[in-house]
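Summary of the model geometry
Listed here are the chains, written in short residue letters.
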Number of protein chains: 6
Amino acid sequence: MYSLTVCDHIMIAHSFSGAEFGPAQRLHGATFVVEAEFRAPKLDHLNLLIDIGLARDELRRILAAVDYRNLDEVPAFVGQNTTTEFMAHHIHAQLAAACRAGVLGEGGRAVTVIKVLLRESPLAWAAFEGDIG
Amino acid sequence: MYSLTVCDHIMIAHSFSGAEFGPAQRLHGATFVVEAEFRAPKLDHLNLLIDIGLARDELRRILAAVDYRNLDEVPAFVGQNTTTEFMAHHIHAQLAAACRAGVLGEGGRAVTVIKVLLRESPLAWAAFEGDIG
Amino acid sequence: MYSLTVCDHIMIAHSFSGAEFGPAQRLHGATFVVEAEFRAPKLDHLNLLIDIGLARDELRRILAAVDYRNLDEVPAFVGQNTTTEFMAHHIHAQLAAACRAGVLGEGGRAVTVIKVLLRESPLAWAAFEGDIG
Amino acid sequence: MYSLTVCDHIMIAHSFSGAEFGPAQRLHGATFVVEAEFRAPKLDHLNLLIDIGLARDELRRILAAVDYRNLDEVPAFVGQNTTTEFMAHHIHAQLAAACRAGVLGEGGRAVTVIKVLLRESPLAWAAFEGDIG
Amino acid sequence: MYSLTVCDHIMIAHSFSGAEFGPAQRLHGATFVVEAEFRAPKLDHLNLLIDIGLARDELRRILAAVDYRNLDEVPAFVGQNTTTEFMAHHIHAQLAAACRAGVLGEGGRAVTVIKVLLRESPLAWAAFEGDIG
Amino acid sequence: MYSLTVCDHIMIAHSFSGAEFGPAQRLHGATFVVEAEFRAPKLDHLNLLIDIGLARDELRRILAAVDYRNLDEVPAFVGQNTTTEFMAHHIHAQLAAACRAGVLGEGGRAVTVIKVLLRESPLAWAAFEGDIG
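Below: a short report on this structure. Every value quoted in this text rests on a predicted model; they were computed, and no experiment measured them. (Residues numbered from 1 in each chain as written. Chains lettered and ligands numbered in written order. Predicted model: local features only at pLDDT ≥ 70, side-chain atom pairs only at ≥ 80, totals over all residues. Heavy atoms only, no water.)

**Side note on the overall build of chain A**
- Scanning chain A from terminus to terminus reveals three helices and four strands.
- In sequence order, the secondary structure elements of chain A are arranged as β-β-α-α-α-β-β.
- In terms of C-alpha radius of gyration, chain A reaches 16 Å, essentially the compact-globule figure of 14 Å for 133 residues.
- Overall, chain A is about 50 × 30 × 20 Å in size when its C-alpha atoms are taken along their principal axes.
- Among the 133 residues that make up chain A, the fraction classed as buried is 60%.
- Contacts spanning at least 24 positions in sequence make up 66% of the contacts within chain A whose residues lie at least 6 apart. (Helix = DSSP H or I, 4+ residues; strand = E, 2+ residues; numbered from the N terminus. Rg over C-alpha atoms; globule rule 2.2 N^0.38 Å. Buried < 20%, exposed > 50% of the residue type's maximum accessible area, 1.4 Å probe, protein only. Contact = heavy atoms within 4.5 Å.)

Pasting the structure below:
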C-alpha cells in the first residue's frame, strides 16, 4: 500500500462543554498542525499516488473555512465540542468527499483510505482514519 | 477509527546480555520518549475518545516505576534484556490493564487497540501494537 | 557562556487590532510552545546552571496565569495586541523578576541573560532576549 | 505486533516528466529522510526484533547506490519518474529481499511487514508498506 | 532584543568542485529548509516586529528564483560552490536589501540583524548572521 | 558571521550527588543529542566554513570515548556531576583543542567560536558556547 501525506496548519479558538474538560471549558485556542494522508494500492502512469498540488490546494480550501476563527461560532459545529478527534473526523469527511467528486483528479478517485492527524501540542495529537469509497 | 496519543519520557540506565549487542553490553542509558496511542471506533457524547487528563496521569504513574532507574535492578525485569521493543510491550500491557480496569473511565473501556512507541534516539525507535479486550 | 533551556506550552485565544493583521483580527487561537533559556558564565559546585525543577515549576506558574484563556480578557493585556513577540517579552519579564527575587535559588541569581522563544506554528516563531540584573 | 524503525537520509537530484509536475519538471533535488520500519509478531530470545546494527548497515548499503546521485542517470530508473512514493517502493523491495536472503539474520527472516517512509520536506512525505514473505 | 522567524523550503540540484567534497562532487540535490530570523530592539505600535505576511512573501519571492532548479546553471552562481553556508549568505543579502528598500514596511527598516539558517538534513545545517543597515 | 552545525548522539548512564537532584541521584541514563556549531567570519576558497566530513569524524571520535558508558566510572569525570551543561563544556573543550591542533584542517583553524548543545529530552537542553583561539 502506498501513502502520500501533505501538511498544513490552522489557528483556532474554541471552548468545551462538560466538567471533564476542566480549564479547557474556558475560551482558549490551539494551533492544529494537520497531516492528511492518502492511501492507494497503486501509482498512476507518472508514478504518482495523487497530484500533490491538488491535494495541498484542497486541504487549504477545507481548512480556510475554519482557520483564524472561533469554532464556537461556526454554524456547522453548533452543539458540538470541537475536540481534536472531532476536527480530524470533520476534515476527513471533506477530503473523502473531494476524492469521490474527482476534485483530486484520477489519483484521488483511486484513494481507498484517508487518515487525518491533528497535532495540538508537542505532547498530544489525535486522528481519524477510514475507508472512503 | 479514531486515535488519541499522549507523550511523556523517561531517563533510564540498563545493560544488555548477548554478544550481538556489542558496546551496548556495557551499562549505558537512554532517554525514551514514549508515545501512547489509544484507538476506538467512536467518540463519547462529549466528542472525546478518552479523558486526556486521565490518560496522561496513568501513563506517568506507569512510567514513574521505571523513570530515573537502572532497569537491570528492577525486579520485574530480572533475566530480561530491556530493549526498546520489550519496554514498549511492557508499557502496553500496563496501559491495556488500566483500560480494562476502568482507570481511564468509560472512554478507556471502549478502547480496542493500543500502540506504544518509544523513541530512543532521532535515528531509532520501536513499538508494540495490539488489541486489548 | 553556559545555557539551560526548559520547555512548556500554553493554548490561548486572542484577537488583534489593526488592518495589518488581516484574518487574525478575528478571534482565533494558538498553541505557543515556550522555550525559556537561562544563561550564566559559570556553574555552581554541583555543576548546575540552575535547578531545573525550580525552573520548570516557575515557568509553569507564570504560564498558568494565561493558559487556557482568552488573552483579550486578561486585565494585564488590556489595549495590547498579544502578538507572539509581545508574549515572549511578557514571560521574559516575569522570569527575570523570579531570578532576581531568588525564586530560582542561587543559580537563578547568577543568571545574566534570559531568552524566551515562543513557537506559534511549525513555520513561525518569535523571541525576546535580554540581560537581567 | 512489534516494530523497529531505523533512519538514514540521501541527497539526490532528479527531474520529472509530465506537465502535472509543473516546475518539478526541471532538474532539481531533494534530501530524502528515510525511515525503514520492520514488523514482526514476536521478539527473539534476546528480546530483539532484529539486529539494529545489521538493519542500519543494510539500509546504508541500499541507499549508497543512489546517494549523492542524479537519479535520471541511474540505469535502474530509466523511463521512470523517481517520485517519493516510487523511491519508497524501490527501497522496500530491496529491504524485503535482504530479509528473505538472511542478510538481516534470523530476526530478518521473521519480519512479516516492512514500511519505508521518505520525508521530502517538512510538509510532504510518502511511504510504501507491504507484506514480505 | 526581539526576533521573529519565518520558514520556507526549496528543493535544488547542484554539484561541487574540489576533491574535498568527495561524492558530493557528483550532481546531487537537497531540500533546504530555510529559517529567516529578523531582529530589532523594539516593536511597533501594534506590537509587531515586522509584518509576518510581508516577510513570508518576500522570502518566497527570493527563494522562487532558485527553487526547483539546478544551481550549477543559475547565472548568479557561476564559478561558485553553492554550499549551504554560501546559500545562507546569498539569501541574507537579499533579505537585507529588501529591509533597507522598505519592501518589509517600517518594521523592516527597523531590523538591525538578520540570520538565515538552512537545514540540509536532520544532521547538518549552516547559517549566516549579520548586521544590516 | 557564518556557522555550520553537525549532529550526533550518545547513550550514557550516570548518577548525581546532591539532594537537589531528587530522583536523579539514582543511577539512570540519557540519550544526549549533540549539536556542535562552528562559527567563523569567512568561508574558504571552496565556500566551506569547515570540512563537514572532518567535523563529523572528530565529533564521533570525541563522543566514542563516552558513548555506551556509565559516566560515573569514566576516570576523567571522577568527583564531577556529569550534568548536561557540564558535558556540553567537556565536548566544547575537546572540539576547541581539535580546531587549534589542525585536526579540522585550515577551516578549523579559522573557527573563532564553538557552541555545543546537548538535548537530554524534548523538554530540556543545555549548551556551552565560547571563543576558541
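Read on, since the account is not over.
**Digging into the interface of chain A and chain B**
- With 20 residues of chain A at the contact, the number on the chain B side is 17 residues.
- The junction of chain A with chain B conceals about 1500 Å² of combined surface from both sides, 51% of it contributed by carbon and sulfur atoms.
- The largest contributions to the chain A side of the interface with chain B come from A:Glu85, A:Leu123 and A:Trp125, which together make up 40% of the buried area.
- For the interface between chain A and chain B, the tally reads zero salt bridges.
- Linking chain A with chain B are nine residue pairs in polar contact (both at pLDDT 80 or more).
- Mapped onto the side of chain A that touches chain B, the elements with two or more residues apiece are α2 (84-100), β3 (113-121) and β4 (124-131) of chain A.
- It is β4(A) that contributes the most residues to the side of chain A that touches chain B, six residues altogether. (Buried area = accessible area lost by both parts, 1.4 Å probe. Salt bridge = Lys/Arg side-chain N within 4 Å of Asp/Glu carboxyl O. Polar contact = N/O pair within 3.5 Å; in protein donor to acceptor, adjacent residues only side chain to side chain.)

**Brief notes about the arrangement of the chains**
- Nothing in chain B touches chain C; the tightest C-alpha to C-alpha distance between them is still 13 Å.
- Structurally, chain D and chain F remain out of contact, their C-alpha atoms never closer than 13 Å.

**A closer look at the relation of the copies chain A and chain B**
- For the pair chain A and chain B, the superposition axis carries a translation of 0.0 Å, the fit reaches an RMSD of 0.0 Å, and the rotation angle comes to 120°. Such a turn and shift between the copies fits a three-fold axis. The position closest to the rotation axis in chain A is occupied by the C-alpha of A:Pro122, lying 8.9 Å away. (Least-squares fit on C-alpha atoms with pLDDT ≥ 70 in both.)

**Here we look at the pairing of strand β3 (residues 113-121) of chain E**
All names here are of chain E.
- Burial within β3 is extensive, with eight of its nine residues counted as buried.
- Summarising the sheet, strand β2 (residues 28-40) and β3 pair through seven bridges and their orientation is antiparallel. Paired with Ala36 across the two strands is Val116, which belongs to β3.
- In this sheet, strand β4 (residues 124-131) lies alongside β3 in antiparallel orientation, the contact comprising eight bridges. When the sheet's bridge partners are listed, Leu117 is paired in β4 with Ala127. (Pairing = 2+ DSSP bridges.)

**With respect to the pattern of salt bridges**
- In total, this model carries 42 salt bridges over all chains according to the counting rule given.
- Across the pair D:Arg60 and D:Asp8 runs a salt bridge, and its minimum N-O distance is 2.9 Å. Residue D:Arg60 is located in helix α1 (residues 52-64), and its partner D:Asp8 is located in strand β1 (residues 2-14); the two are separated by 52 residues in the primary sequence.
- Owing to a relative accessible area of 30%, D:Arg60 belongs among the partly exposed residues under this scheme.
- E:Glu106 is paired through a salt bridge with E:Arg109; the nearest N and O atoms lie 3.4 Å apart. Taken together, the positions of E:Glu106 and E:Arg109, both in helix α3 (residues 105-109) and three residues apart, correspond to about one turn of that helix.
- On the basis of relative accessibility, which here comes to 61%, the residue E:Glu106 falls in the exposed class.
- Judged by relative accessible area, which is 48%, E:Arg109 ranks as partly exposed.

**A closer look at the environment of A:Met11**
- Among the secondary structure elements, A:Met11 is positioned in strand β1 (residues 2-14).
- Spatially, the C-alpha atom of A:Met11 lies 8.5 Å from that of A:Val66, the residues being 55 residues apart in sequence.

**Describing helix α2 (residues 84-101) of chain B**
- Here α2(B) spans 26 Å end to end across 18 residues, near enough to the 26 Å set by a 1.5 Å rise per residue.
- When α2(B) is considered as a whole, its buried residues turn out to be B:Thr84, B:Glu85, B:Phe86, B:Met87, B:Ala88, B:His90, B:Ile91, B:His92, B:Leu95, B:Ala96, B:Ala98 and B:Cys99.
- Along its buried surface, α2(B) packs onto β2 (28-40), α1 (52-64), α3 (105-109), β3 (113-121) and β4 (124-131) of chain B together with β1 of chain D.
- Of the residues one or two after α2(B), B:Gly102 is the one with positive phi, at around 85°. (Expected span 1.5 Å × (residues − 1).)

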